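# Observations on the model geometry
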Amino acid sequence: MVAKLVELVREAASQARLVARGYPSGCSADALPWTVIRRFDDDVRGHVERDPRIEDARDGVLIAAVNLAEARPDEDTEVPERERLVKAINDLEWIVVSRGIANRAAAALGYGEAGQRLRDAG
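Residues numbered from 1 in each chain as written. Predicted model: local features only at pLDDT ≥ 70, side-chain atom pairs only at ≥ 80, totals over all residues. Heavy atoms only, no water.

## Description of the overall build of the protein
Across its full length, the protein carries 5 helices and 0 strands. With the C-alpha coordinates aligned to their principal axes, the bounding extent of the protein is approximately 50 × 25 × 20 Å. Split into buried and exposed, the 122 residues of the protein put 44% on the buried side. Of all intrachain contacts in the protein linking residues separated by at least 6 positions in sequence, the fraction that spans at least 24 positions is 68%. Just so you have it, the protein exposes about 6,800 Å², and 50% of that area is on carbon and sulfur atoms. Separation between the mean location of the 18 positive side-chain charges and that of the 22 negative ones in the protein comes to 5 Å. (Helix = DSSP H or I, 4+ residues; strand = E, 2+ residues; numbered from the N terminus. Buried < 20%, exposed > 50% of the residue type's maximum accessible area, 1.4 Å probe, protein only. Contact = heavy atoms within 4.5 Å. Areas by Shrake-Rupley, 256 points an atom, 1.4 Å probe, with all protein chains shown as cover. Lys, Arg positive; Asp, Glu negative; His and termini not counted. Charge placed at Lys NZ, Arg CZ, Asp CG, Glu CD.)

What follows is the structure in structure tokens.
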């Protein structure tokens, strides 16, 4: 059951990586942080119990996205900033899957039982 929620986490991370790797194509510098995190916020965040580790990882994605958006395209810093953003996305995905717990909203949608750990997905 919770496998559907894990699938949503993986899809959100995959979409975020596509945006990060394709930037600046597809969105402006101002929109980058919110475009990267949108699917996570829309599809995942409201379905897992609040956890400071997850929130910290989400903040890490936003910070890395801002840093990439502020890097000049002709600077050598753009490539490392893009890599940092992809790593932050990977970290968020890992933390949610390994530490996340389905909440009542997830249970109401059939994503598992409230209190079920995402890492228990079979």
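From this point, the narrative continues.
## What to know about the confidence of the model for the protein
Confidence along the protein averages 93 in pLDDT terms, with 95% of residues attaining 70 or more. When the elements of the protein are averaged for pLDDT, helix α4 (residues 78-99) gives the smallest value, 95, and helix α2 (residues 32-43) the largest, 97. (pLDDT = per-residue confidence, 0-100.)

## Quick look at the nonpolar core
L5, L32 and L85 are the most contacted members of the largest nonpolar core, which totals 38 residues. For this core, the secondary-structure elements that each account for two or more residues are α1 (3-22), α2, α3 (52-70) and α4. Per-element tally for this core: the top contributor is α1, with 9 residues. (Core = buried A, V, L, I, M, F, W, Y, C linked by side-chain atoms within 4.5 Å.)

## Here's the deal with α1
Note that an α-helix has 3.6 residues per turn; residues three or four places apart therefore point the same way. Compared with an ideal rise of 1.5 Å per residue, which puts 20 residues at 28 Å, α1 spans 28 Å between its outermost C-alpha atoms and is within 8% of the ideal. For α1, every residue scored as buried is listed here: L5, V6, L8, V9, A12, A13, A16, R17, V19 and A20. Where α1 is buried, its residues meet α2, α3, α4 and α5 (104-108). (Expected span 1.5 Å × (residues − 1).)

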